[in-house]
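# Reading the structure
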Amino acid sequence: MALRFEILGRFNRARAARLILPHYECQTPLFMPVGTQGTIKGLTTCQLEDIGCQIILGNTYHLALRPTSELIDELGGLHKFMNWPRALLTDSGGFQMVSLLHLADITEKGVTFQSPVDGKPMLLTPEESIQIQNRIGADIIMALDDVVKTTITGPRIEEAMYRTLRWIDRCIAAHKRPHEQNLFGIVQGGLDPVLRDICVRGLVKHNLPGYAIGGLAGGEDKDSFWRVVAQCTAALPEHKPRYVMGVGYPLDIVVCSALGADMYDCVYPTRTARFGTALVPEGVLKLKHKAMADDMRPVDPTCDCMVCKKYTRAYIHCLVTKDAMGSQLLSYHNLYYMMKLSRNLHSSIVEGQFPEFVCQFLQKMVMNNPTTNRISPVPRR
């Protein structure tokens, strides 16, 4: 096991911890931006270091297609390939069962995809997923799971959960770098509490370095989403990191941290930046709105990031409709916001100020500001 997890502070179920990985010592709760093919669009790795990014997520499916895991391995691994000295996590490729379902055929052997690059079939088995991730070299690698949308009901949910448990055995057997890379299992079971409980118990008996809660953020209502997170975090080992996959809304991260989760990832902060939207304490700020055209204030007057110090809303409004620089500046700001949120969650728990922090966060989020929109549906990554 190439991981140490030390809890530094608690408030009820919320905890702040030190997560020590081969390439970096992280503080939790933490948010991981998604660099699907080894890059966060529009930002350099130096910029990501400057804003305090601790872990970047890469996608096994896409990296296996381009530039190929074999080439990444030949060039020294993904850390060296993308010039990133801190931690990396790679997804298993299982999420593409949902996002590319029209191109996929799922059997006990694995998932056969029709490549979006050349149309050829590509079989991703649990063994192949792990072998690809071993070549890529991330600090944390994910077991291949059978992913279904939470809006689906019926026997498919149970089938996917039990297949996920069968596949974890194959993933563990295929993992050739356990002293350098940490294999996390993924809890499935949809919105069914019985299935979730069975999956948790089936994974925990393997004593894995960490555990993820998967299959959420697929369109279910907030109450159901938070109920599943609460159930899983209560049942997962106290001394292991807990990762809620595909979650990127600030409100969800605060709530899930209060429920005992530690790690999150989503494309939301950077994707919404490319549509001209900034994350601010009150919710979101739409820079494409015509009211921004002559607004000389910074994006967020309370933010210390480079963008808020140097540029006005009016300038970014001009860019977001015409120039890629606009999405780059907003991506920088949005990830700075997420890193600051993570740091504030950590410090508030350690310093015994978590209830006060949550109250202040929620008070700002519900302020009536005509230039902001409160966040509603749950995103998919």
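Residues numbered from 1 in each chain as written. Predicted model: local features only at pLDDT ≥ 70, side-chain atom pairs only at ≥ 80, totals over all residues. Heavy atoms only, no water.

### A word on the overall build of the protein
Summing up its helical and strand segments, the protein has 15 helices and 17 strands in all. Each principal axis of the C-alpha distribution contributes one length, and for the protein these read about 60 × 50 × 40 Å. Expressed as a percentage of the 381 residues in the protein, the buried residues total 57%. Sequence separation of 24 or more characterises 68% of the internal contacts of the protein that already satisfy a separation of 6 or more. Working note: accessible area of the protein is about 15,400 Å², and carbon and sulfur atoms make up 53% of it. (Helix = DSSP H or I, 4+ residues; strand = E, 2+ residues; numbered from the N terminus. Buried < 20%, exposed > 50% of the residue type's maximum accessible area, 1.4 Å probe, protein only. Contact = heavy atoms within 4.5 Å. Areas by Shrake-Rupley, 256 points an atom, 1.4 Å probe, with all protein chains shown as cover.)

### Some thoughts on helix 6 (residues 126-136)
Within helix 6, eight of the eleven residues are buried, which leaves the element mostly enclosed by the surrounding structure. P126, S129, I130, I132, Q133, N134, R135 and I136 are the residues of helix 6 that are buried. G137 occupies a position one or two residues after helix 6 and carries a positive phi of about 90°.

### Considerations on the sheet that holds strand 7 (residues 104-106)
In space, the three strands of this open sheet follow the order 7-8-9, with antiparallel pairing throughout. Where the open sheet ends on each side, the last strands, each with one partner, are strand 7 and strand 9 (121-124). The mean angle between the axes of side-by-side strands here comes to 20°, regardless of whether they run parallel or antiparallel. Strand direction decides the pairing type here: strand 8 (residues 111-114) and strand 9, joined by four bridges, are antiparallel. Across the sheet, V111 pairs through a bridge with L124, a residue of strand 9. (Pairing = 2+ DSSP bridges. Axes fitted to C-alpha atoms, helices over the stretch in contact; angles between N-to-C directions.)

### Comments concerning the environment of I186
Turning to its location among the elements, I186 is positioned in strand 11 (residues 182-187). On the accessibility criterion, I186 (2% relative accessible area) is buried. For the pair I186 and V200, spaced 14 residues apart in the sequence, the C-alpha separation amounts to 8.6 Å. Contacts of I186, omitting those with residues within four sequence positions, involve M142, A143, D145, T164, C199, L203, A212, G214 and M245.

### Here's the deal with unusual backbone geometry
In this chain, T28 is followed by P29 through a cis amide linkage whose omega measures 0°. Position of P29 among the secondary structure elements: in the loop between strand 3 (25-28) and strand 4 (30-33). Located in the positive-phi region is N12, a residue other than glycine, with phi close to 50°. Within the secondary structure, N12 is located in the loop between strand 1 (4-11) and strand 2 (14-20). Of note, T68 is a non-glycine position whose phi angle comes to about 95°, a positive value. On the secondary structure map, T68 appears in the loop between helix 2 (60-65) and helix 3 (69-74).

### Notes on the UniProt feature "binding site: Zn(2+)" (unreviewed entry) in the protein
Mapped onto this numbering, the UniProt entry annotates "binding site: Zn(2+)" (unreviewed entry) at C303, C305, C308 and H333. Taking the farthest pair of C-alpha atoms as the criterion, the annotated set spanning 31 residues converges on one region, since that pair is 8.7 Å apart. Relative to the elements of secondary structure, C303 occurs in the loop between strand 16 (283-286) and helix 12 (306-310). With residues near it in sequence (within four places) discarded, C303 still touches C308, H333 and Y336. Those residues in contact with C308, other than ones at most four positions away along the chain, are P298, V299, D300, C303 and H333. (UniProt positions renumbered as here; feature names shortened; annotations may be inferred.)

### Comments concerning the pairing of strand 11
The buried fraction of strand 11 amounts to six of the six residues, a majority that puts the element mostly inside the structure. Judged by which residues are buried, strand 11 turns out to be covered on both faces: N182, F184 and I186 on one side and L183, G185 and V187 on the other are all buried. The sheet contact formed by strand 10 (residues 140-142) and strand 11 spans three bridges and is parallel. The partner of M142 across the bridge, within strand 11, is F184. Inspection of the sheet shows strand 11 paired to strand 12 (residues 210-213) by four bridges, in the parallel sense. Looking at strand 12, one finds that V187 is bridged to I213. Traced from strand 11 through helix 8 (residues 193-204) to strand 12, the parallel crossover comes out right-handed. (Right-handed = clockwise from strand over helix to strand, strands pointing away.)

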